[in-house]
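In case you want the letters, here they are:
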Amino acid sequence: MRLALPRWAGPLAVRAAVFITVMCCALAALLGVLVHVSVTNQTVGQAREVALVRLREATAAYEAGDPLRRGAGVDPPGLPRRLRELAVSGRRGTMLAEHDGRPTMWAAGPAAGGRALAVQVDHSQGERTIEGLDGAIVWSSALAIGATLLVGAFAVTRVTRRLHTTARVARRITAGDLDARVDDPRAQDPTRPQDEVASVAAALDSMAASLQGKLLAEQRFTADVAHELRTPLTGLHAAAELLPPGRPTELVRDRVAALRTLTEDLLEISRLDTGRERLEVDAEALGAVAARVVRGSGTDTRVDVVRDAWVDTDRRRLERVLGNLVANAHRHGRAPVVLTVDGRVITVRDHGDGYPGYVLAHGPQRFRTEGGSKGHGLGLTIALGQAEVLGARLEFANPPDGGALATLTLPQQP
């Protein structure tokens with residue numbers, strides 16, 4: 001079973017903790033080695049000086065014919081071979097070695113007859129000092145690493161929490177919540193030192209405010225244009241109805257109708273942009289709704305009801321979504337067009353060239369079409385907006401065997 005980490009404990013926090021731990025261990029090891037080597041050299045050096053002093057005293061006593069003190073002797077047992085060879089060659093030297101199971105510092109020099117005069121100094125106390133120092137270094141290093149890791153983890157998690165908050169706000173803005181702000185305390189207080197996280201948070205808040213202002217200006221412009229067009233279009237429509245029958249009159253009426261449809265679409269989009277739409281919920285049979293949409297569209301669309309279902313939804317908005325999907329399939333795709341009801345999942349499938357890449361990647365965009373097709377890109381935009389009002393999920397895909405597939409998944413509760 002994997003240990004579940006907190007949401008803020010992402011890769012950055014883990015990597016920072018690992019880096020701090022490794023650096024602390026490396027620093028503690030380096031300092032420990034330096035202290036160990038320094039104290040060991042000092043302790044061994046002191047033992048060597050003591051051994052050489054005793055060797056000089058023993059040499060003087062040996063040359064004067066006096067008895068040697070305890071710990072001194074000629075060719076004593078246990079004298080290291082290399083040190084004996086050095087003494088026999090006429091030089092003096094020292095060596096730390098084990099003797100009778102105890103650490104011993106030997107000092108040896110030449111004696112008459114090709115022999116070696118040597119003294120031994122017990123080095124047990126020095127070894128115990130070094131071992132005690134090593135233990136103290138290990139325990140103090142462990143405590144220092146633990147304390148540094150705790151302090152570092154606290155500092156890092158404060159940064160990662162702020163980064164996580166910034167990322168969460170960015171995702172809310174991406175989802176359409178343009179009122180979301182980070183409101184980092186450091187960014188709001190210019191007297192406090194500004195770090196990189198505060199700069200990112202301030203930049204994100206500034207970007208969100210600028211984006212919100214531009215989108216609100218665009219929404220107001222769209223609504224104002226649509227409202228301003230309704231009055232002259234009403235008069236134009238009435239005037240077109242008074243024209244004498246004929247081909248020019250049909251063309252004028254057709255263009256006026258197209259312009260009225262565009263105006264109504266713009267008004268609907270402006271209402272959706274405000275986010276104030278309210279549902280009129282009632283129990284509806286999806287199979288019957290699908291059949292009614294196809295009849296109203298006047299198109300040759302096949303309805304397949306795999307599994308009918310009753311749902312609580314806004315019938316008008318649902319019919320608007322399905323009607324736009326069916327109309328788009330006939331306008332930009334090829335027959336056969338099939339509307340399938342499978343429980344709460346409704347699909348509209350055509351067998352044309354499929355949806356453009358930008359629709360699959362970013363969703364429908366108003367006033368954007370490809371391939372020289374007629375239209376303003378508003379049908380799918382309105383369908384997506386009405387689906388969001390219903391709380392449904394509308395997805396677009398291009399099946400492997402060709403065509404375009406729109407999938408509407410209705411929620412359990414609207």
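Numbering of residues starts from 1 in each chain and follows the order in which that chain's sequence is written. Where totals are concerned, whole chains, interfaces and linings use all residues; where local detail is concerned, this predicted model gives features only for residues with pLDDT of at least 70, and gives and counts side-chain atom pairs only at 80 or more. Heavy atoms from the whole structure form the basis of all side-chain values; hydrogens and water molecules are not counted.

The protein chain appears in an unreviewed UniProt entry as histidine kinase from Streptomyces lancefieldiae. Under the UniProt heading Catalytic activity (unreviewed entry), the entry covering the protein chain gives this text: "ATP + protein L-histidine = ADP + protein N-phospho-L-histidine." UniProt positions are given in the numbering used here, feature names are shortened, and annotations may be inferred rather than shown by experiment.

Our focus in this paragraph is the sheet that holds strand β2 (residues 93–99). Ordered by their spatial adjacency, four strands build an open sheet running β1-β4-β3-β2, and the pairing between neighbours is antiparallel. Each edge of the sheet is formed by a strand with only one pairing partner; in this case those strands are β1 (72–74) and β2. Each strand axis lies, on average, 30° off the axis of its neighbour in the sheet, ignoring direction. Pairing between two strands requires that DSSP report at least two bridges joining them. Elements are defined by DSSP. Helices are runs of H or I of four residues or more, strands are runs of E of two residues or more, and each kind is numbered from the N terminus. Direction of pairing for β2 relative to strand β3 (residues 102–111): antiparallel, over a ladder of seven bridges. Residue pairing for β3: threonine 94 is matched across the bridge by alanine 107. Contacting β2, β3 and β4 (115–122), helix α2 (residues 81–88) runs over the sheet at an angle of about 20° to β3. Here the axes come from fitting lines to C-alpha atoms, over the contacting stretch only for helices, and the angles between their N-to-C directions go from 0 to 180 degrees. Contacts were defined at the residue level, with two residues in contact if any of their heavy atoms lie within 4.5 Å.

This next bit is on the packing of aromatic side chains. Between the rings of Phe, Tyr and Trp (Trp by its six-membered ring), a pair exists once the centres lie within 6.5 Å; its type follows the angle of the planes, with under 30 degrees stacked, over 60 edge-to-face, and the other angles tilted. Throughout the structure, instances matching the rule amount to one aromatic pair. Relative to phenylalanine 396, the ring of tyrosine 355 has its centre 5.2 Å away and its plane inclined at 80°; by these criteria the two rings are edge-to-face. With tyrosine 355 in the loop between β9 (345–350) and α9 (357–362) and phenylalanine 396 in strand β10 (residues 393–397), this residue pair connects regions lying 41 residues apart in the sequence. Take tyrosine 355 and phenylalanine 396: they sit in the same class, and that class is buried. Burial here depends on accessible area, computed with a 1.4 Å probe over protein chains only, as a share of the maximum for the residue type. Under 20% is buried, over 50% is exposed, and the range in between is partly exposed.

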